[in-house]
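This is what each chain is made of:
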Amino acid sequence: MNEAIGTTESPRPDTEGVDGGVGLTALLVAASRAIESHRRDSLAQDVYAEHFVRAAPACAEWPVRIEQVPDGDDNALWGRFARYFGLRTRVLDDFVVRSVLTGARQVVLLGAGLDTRAFRLDWPSDCVFFEIDRAGVLAFKHQVLTELSAAPRVKRVLVPVDLRDDWVSALTSSGFDPAAPSIWLAEGLLFYLPGPAETYLVDTVDLLATEGSALAFEAKLEADLMAYRDSAIYTATREQIGIDLLDLFDKGPRPDSAGRLTSRGWSASTHTPFEFTRRHGRGPLPEPNDALEGNRWVFAYRRRR
């Protein structure tokens, strides 16, 4: 097993961690992965997820099994929304595993949050995971995993830097090689960023990714996010756990990042989550006033310069 490298000790929690703001949404996703893991027909297994939830005072009372939810799968948050995150986890698991099998050996997690793919999936011995996030988030994750004596199944490099700062220098100085194929994952990240920041991030990945590289990210296409303020998912999230996602999402116009990548020699495909619900037989389907209607999952591959 490989220990995390990139720091000689756990990252100092000198910036916002998981106790508020966008950081708290990482715990929402972890709770959803925990619920998914305990289902008999689960699409993804994450034995660490519930430990993150129990370690954070802000969410110590959140459910980690659907049986702990009074109305079970009828609950808009812990039923439908949690199934969405479970499906997303599985789909992006498959993307990263499939991309590694094509020969790429560098995986970059942009806004890694409480991602545990380095711990729960099998990887080639020469693969490297670079986890980029704020120091406070990585410190919390490090503490929980250390207390569990969890060991990664791959070389794991922590890159404690805010994506608003010079994360490129931090990444390359941590051993990332732009000349080698790489896999990039931006899971649940871009819609918190202003449009120009998303464009900068995508352009930067384009500069750092050579032939044979791949990128997956989640986007939102709604022209007016506030039109869904009263949707069941957003209402349940506000009322049950006090997270107002629409206050956290950037409300400015979104760029066409998939189209931008295509114009630069990538092949990109854009999908609704509902396509994968039908493929796997599990997950959310469209409903009236649906907050998931504008969500898209984009998969891009660098074929040529």
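Conventions and cut-offs
- Residues numbered from 1 in each chain as written.
- Predicted model: local features only at pLDDT ≥ 70, side-chain atom pairs only at ≥ 80, totals over all residues.
- Heavy atoms only, no water.
- Helix = DSSP H or I, 4+ residues; strand = E, 2+ residues; numbered from the N terminus.
- Rg over C-alpha atoms; globule rule 2.2 N^0.38 Å.
- Contact = heavy atoms within 4.5 Å.
- Areas by Shrake-Rupley, 256 points an atom, 1.4 Å probe, with all protein chains shown as cover.
- Lys, Arg positive; Asp, Glu negative; His and termini not counted.
- Charge placed at Lys NZ, Arg CZ, Asp CG, Glu CD.
- Buried < 20%, exposed > 50% of the residue type's maximum accessible area, 1.4 Å probe, protein only.
- Pairing = 2+ DSSP bridges.
- Right-handed = clockwise from strand over helix to strand, strands pointing away.
- Expected span 1.5 Å × (residues − 1).
- Phe/Tyr/Trp six-rings, centres within 6.5 Å; stacked < 30°, edge-to-face > 60°.
- Core = buried A, V, L, I, M, F, W, Y, C linked by side-chain atoms within 4.5 Å.

## Quick look at the overall build of the protein chain
A count of helical and extended segments in the protein chain gives 11 helices and 8 strands. The C-alpha atoms of the protein chain give 18 Å as radius of gyration, which agrees with the globular expectation for 305 residues (19 Å, within 12%). Expressed as lengths along the three principal axes of its C-alpha atoms, the size of the protein chain is roughly 50 × 45 × 35 Å. Contacts spanning at least 24 positions in sequence make up 77% of the contacts within the protein chain whose residues lie at least 6 apart. Accessible surface, the protein chain as shown: approximately 12,900 Å² in total, 50% of it carbon and sulfur. For the protein chain, the distance from the average site of its 35 positive side-chain charges to the average site of its 44 negative ones is 5 Å.

## Observations concerning unusual backbone geometry
With phi around 55 degrees, Ser149 is a residue other than glycine that occupies positive phi space. Of note, Ser149 is situated in the loop between helix 5 (135–147) and strand 4 (155–160). You can call Ser149 exposed: its relative accessible area is 64%. Positive phi, normally seen in glycine, also occurs at Asn289, with a value near 50 degrees. Taking relative accessible area as the criterion, Asn289 reaches 38% and is therefore assigned partly exposed.

## Some details on the pairing of strand 6 (residues 214–220)
Burial runs high along strand 6: 7 of the 7 residues are buried. The pairing of strand 5 (residues 182–186) with strand 6 spans 4 bridges and is parallel. From the neighbouring strand, Ile183 faces strand 6, where its bridge partner is Ala214. Between the parallel pair strand 5 and strand 6, the chain is carried across by helix 7 (residues 195–208), and the sense of this crossover is right-handed. As defined by bridge partners, strand 6 adjoins strand 8 (residues 295–302) across 7 bridges and the pair is classed as antiparallel. Looking at the pairing, Phe217 lines up with Val298 of strand 8.

## Regarding helix 5
Its 13 residues place the ends of helix 5 18 Å apart at the C-alpha level, agreeing with the 18 Å of an ideal helix rising 1.5 Å per residue. Within helix 5 the residues assigned to the buried category are Ala135, Gly136, Val137, Leu138, Ala139, Phe140, Lys141, Val144 and Leu145. The elements touched by buried residues of helix 5 are helix 1 (21–37), helix 2 (49–55), helix 4 (117–120), strand 3 (128–133) and strand 4. Backbone geometry just downstream of helix 5 places Ser149 in the positive-phi region, at approximately 55 degrees.

## Considerations on helix 7
Taking 1.5 Å of rise per residue, 14 residues should cover 20 Å, and helix 7 covers 20 Å from first to last C-alpha, within 8% of that figure. With 10 of 14 residues buried, helix 7 is to be regarded as a mostly interior element. Buried within helix 7 we find Gly195, Glu198, Thr199, Leu201, Val202, Asp203, Thr204, Val205, Asp206 and Leu208.

## Points about the packing of aromatic side chains
Applying the stated criterion to the full structure yields 19 aromatic pairs. Seen in terms of ring centroids, Phe95 and Tyr301 are 6.1 Å apart; in terms of plane orientation they differ by 55 degrees. Their pairing is tilted. Highlighted residues: Phe95 in helix 3 (residues 76–101) and Tyr301 in strand 8, separated in sequence by 206 residues. When sorted by exposure, Phe95 lands in the same class as Tyr301, which is buried. Taken together, the aromatic side chains of Phe81, Tyr84, Phe85, Phe95, Phe276, Trp297, Phe299 and Tyr301 make up a single cluster linked through ring pairs.

## A closer look at the nonpolar core
Core analysis: the biggest nonpolar cluster contains 73 residues, and Leu27 and Trp62 have the highest contact counts within it. Examining the composition of this core, we find that 12 residues originate from one element, helix 3, more than from any other. Setting aside residues up to four positions removed in sequence, Trp62 forms contacts with Leu24, Leu27, Leu28, Ala31, Val53, Arg54, Trp78, Ile241 and Ile243. By size, the runner-up hydrophobic cluster in this structure holds 31 residues, among which are Leu163, Leu171, Ala186 and Leu193.

Worth remembering: the numbers are spatial, not functional.
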